[in-house]
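# Descriptive analysis of the structure
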Amino acid sequence: STKLVTYFKEVQRVLKPGGSFAGYAWVTTAAYNPEDPVHKKIIDGIAYGNGLSVVHSFEEYRNAIEAVPGLELVEEFDVAKLCDDLPW
C-alpha cells in the first residue's frame, strides 16, 4: 500500500479484540541510499518483480504502526541479516 497509516487503520478495524496480525513486506533499511544507482536498480527490480508500486523503508512501517492507536509492533526480523551479500 502507498498509504501505510490507512492500511494499518484497516488492520486495526478488522482485528478482533486481543487479536494478532502478522505481515511480511519488502522494505529498505537505513543503509539504503536512493542516490546510489546500484541500490536504486536493485530496489526497482524488487518492486517490479513483486508488483509493488513503492518499497517503503522499515522506519515508515514502524511510524505507520505507531500512528494507529491500539496497534503494537511486537516483533520484527530483518531477513537481510541472514545474508552478507547486500547488507542494506
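Chains are numbered independently. Their residues run from 1 in the order of the written sequence. With pLDDT at 70 or above as the cut-off, local features in this predicted model cover only qualifying residues; side-chain atom pairs require 80 or more to be listed or tallied, and sums for whole chains, interfaces and linings still use all residues. Excluding hydrogens and water, the side-chain figures rest on all heavy atoms present in the structure.

### Some words on the overall build of the protein
What counts as a helix is a DSSP run of H or I of at least four residues, what counts as a strand is a run of E of at least two, and both are numbered from the N terminus. Along the protein, the regular secondary structure elements total three helices and zero strands. Its C-alpha atoms give the protein principal-axis dimensions of roughly 45 × 25 × 20 Å. Only protein chains enter the area calculation, which uses a 1.4 Å probe; residues under 20% of their type maximum are buried, those over 50% are exposed, and those in between are partly exposed. Out of the 88 residues in the protein, the part that is buried amounts to 20%. Residue pairs in contact within the protein that sit at least 24 positions apart in sequence constitute 67% of those at least 6 positions apart. Of the roughly 6900 Å² of accessible surface on the protein, 55% is carried by carbon and sulfur atoms. Counted charges follow a simple rule, with Lys and Arg positive, Asp and Glu negative, and His plus the chain ends left uncounted. Lys charges are placed at NZ, Arg charges at CZ, Asp charges at CG and Glu charges at CD. Within the protein, the 13 negative side-chain charges are centred at a point lying 10 Å from the centre of the 8 positive side-chain charges. Contact between two residues is taken to exist if any of their heavy atoms lie within 4.5 Å; hydrogens are not considered. Residue burial considers only the protein chains on display, and all accessible areas are found by Shrake-Rupley using a 1.4 Å probe.

### What about helix H1 (residues 4–14)?
An α-helix turns once every 3.6 residues. As a result, residues three or four positions apart point the same way. Within the span of H1, buried status applies to Leu 4, Phe 8 and Val 11. All buried residues of H1 project into a common sector of 50° when viewed along the axis, lining one side. Residues Thr 6, Arg 13 and Val 14 are exposed on H1 and point more than 90 degrees away from its buried face. Where H1 is buried, its residues contact helix H3 (58–66). Regarding the arc, it is the one traced by the directions from the helix axis to the C-beta atoms.

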